[in-house]
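A structural walkthrough
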Amino acid sequence: MDEKTLDDIISQYDAPSGRLLGILGEIQNRERYIPRELLEMLSAKLKIPLSHLYSLVTFYSFFSLQPVGDHRVTVCMGTACHVKGAAAILTTLEQLLCLPEGVTEETRSPVTTEDNAFTLEIARCFGACSIAPVLRVDNHLYGYATPDGLPAILEEYGWRKHED
Ligand code: FES
């Protein structure tokens, strides 16, 4: 994204309330992550400390500081989901997406498949605990998730079973 595009985005969000989140959301949607150089530019243009921008980006799971794949799969590991089997959901997703088992919890950061099709990550509560365990793919929430039901969900996003 060039500086002129960033200026255009900034000019669309001149209301103080929610301004920063709106601008960051727009950058995330367009770039699929928040590049460091854009954060630095934004910090200089709005005269807001870079550390404040970082704290916002790292607080909200919607934002990512690393490039993400075509589809973002987020598994809730909050207490209600954990109790209802979120760990098995995460492990099964790692297997289906051919990612090293345990990598998502170990690194605590999004992990992307080799073909760049999916990024797997964890979050802490979507506020949908009554339908735990919950995962989100892009902007769609899936409740009462089961390991057996995961292939059908992934297929909606172009995933196909890997044939050896
Ligand atoms: S703990 Fe998973 S949605 Fe609340």
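Residues numbered from 1 in each chain as written. Predicted model: local features only at pLDDT ≥ 70, side-chain atom pairs only at ≥ 80, totals over all residues.

**Describing the overall build of the chain**
Under the convention used in this document: Where helices and strands are cited, they refer to DSSP runs of H or I of at least four residues and of E of at least two residues respectively, numbered from the N terminus. Here contacts are defined at the residue level, using C-beta atoms placed from the backbone and a cut-off of 7 Å between them.
Scanning the chain from N- to C-terminus turns up 8 helices and 5 strands. Ordering the α and β elements of the chain from the N terminus gives α-α-α-α-β-α-α-α-β-β-β-β-α. Reported as C-alpha extents along the three principal axes, the dimensions of the chain are approximately 50 × 35 × 25 Å. Counting contacts in the chain only where the partners sit at least 6 residues apart, residues at least 24 apart contribute 56% of the total.

**Observations regarding unusual backbone geometry**
Note the cut-off: Three exposure classes are used, all based on how many other C-beta atoms lie within 10 Å of a residue's own C-beta (placed from the backbone): buried at 20 or more, exposed at 12 or fewer, and partly exposed between those limits.
Of note, the amide linkage connecting alanine 132 to proline 133 takes the cis form, showing an omega dihedral of -5°. The phi torsion at cysteine 98 lies on the positive side, around 55°, for a residue other than glycine. Here cysteine 98 lies in the loop between α6 (86–96) and α7 (103–107). Residue classification places cysteine 98 among the exposed residues on the basis of 11 C-beta atoms within 10 Å.

**Points about the sheet that holds strand β5 (residues 140–142)**
Applicable threshold: Whether two strands pair comes down to DSSP finding at least two bridges between them.
The mixed open sheet is built from 5 strands, whose spatial order is β2-β3-β1-β4-β5. One side of each edge strand has no neighbouring strand; the edge strands of this open sheet are β2 (111–112) and β5. In this sheet, strand β3 (residues 118–123) lies alongside strand β1 (residues 71–76) in parallel orientation, the contact comprising 6 bridges. Of the residues in β3, the one forming a bridge with arginine 72 is threonine 119.

**Observations concerning the confidence of the model for the chain**
Heads up, the rule is: Every residue gets a pLDDT, meaning the predictor's confidence in that residue, from 0 to 100.
Per-chain confidence: the chain averages 90 in pLDDT, with 98% of residues scoring 70 or above. Averaged pLDDT values for the elements of the chain fall to 78 in α7 and rise to 98 in helix α8 (residues 150–155).

**Observations concerning the domain arrangement of the chain**
What counts, and what does not: A domain assignment, automatic or from a database, supplies the domain bounds used here.
Segmenting the chain into domains produces domain 1 (3–59) and domain 2 (71–155). Between domain 1 and domain 2, the C-alpha centre-to-centre distance is 27 Å.

**Observations regarding the environment of glycine 143**
By the secondary structure assignment, glycine 143 is in the loop between β5 and α8. C-alpha of glycine 143 to C-alpha of isoleucine 131: the two residues are 12 residues apart in sequence and 4.8 Å apart in space.

**Overview of the packing of helix α1 (residues 3–12) against helix α3 (residues 36–46)**
Using the following cut-off: For helices, the axis comes from a line fit to the C-alpha atoms of the stretch in contact; other axes are also lines fit to C-alpha atoms, and the angle between any two N-to-C directions lies between 0 and 180 degrees. Each angle gets one of four labels, with under 35 degrees taken as roughly parallel, over 145 as roughly antiparallel, 65 to 115 as roughly perpendicular, and the rest as oblique. Definitions for this section: a left-handed crossing has its near helix turned counterclockwise from the far helix by less than a right angle. A right-handed crossing has that turn clockwise. When residues are grouped by polarity, Ala, Val, Leu, Ile, Met, Phe, Trp, Tyr, Cys and Pro land in nonpolar, Asp, Glu, Lys and Arg in charged, and all others, Gly among them, in polar.
Across the interface, α1 lies against α3 with an axial gap of 11 Å and an inter-helix angle of 55°. By the angle class used here, α1 and α3 are oblique. Judged by the sense of rotation from one axis to the other, the crossing of α1 with α3 is right-handed. Residues Glu3, Leu6 and Ile10 of α1 form the contact with α3, whose own contacting residues are Leu38, Met41, Leu42 and Lys45. Per-class residue counts for the contact of α1 with α3 are 5 nonpolar, no polar and 2 charged.

**A word on the nonpolar core**
Where we set the bar: To form a nonpolar core, buried Ala, Val, Leu, Ile, Met, Phe, Trp, Tyr and Cys residues must be joined through C-beta atoms within 7 Å.
Of all hydrophobic cores here, the largest spans 21 residues; its most connected members are Val75, Ile89, Leu93 and Leu135. Beyond its immediate stretch of four places on either side in the chain, valine 75 contacts Ala86, Ile89, Leu90, Leu93, Ile122 and Leu135. Formed by 7 residues, the second largest nonpolar core is a distinct cluster that contains Ile23, Leu38, Leu42 and Leu53.

**Re the pairing of β3**
A large share of β3 lies buried, amounting to 5 of its 6 residues. Relative to β3, β2 runs antiparallel, the two sharing 2 bridges. Across the sheet, residue valine 111 finds its bridge partner in β3, namely leucine 120. Hairpin connection, β2 to β3: the antiparallel pair is bridged by 5 residues, and asparagine 116 has positive phi, about 70°.

**Observations concerning the pairing of β1**
By the criterion of burial, β1 is predominantly enclosed, with 5 of the 6 residues buried. Pairing geometry for β1 and strand β4 (residues 135–137), over 3 bridges, is antiparallel. In the sheet register, threonine 74 faces β4, and the bridge partner there is arginine 136.

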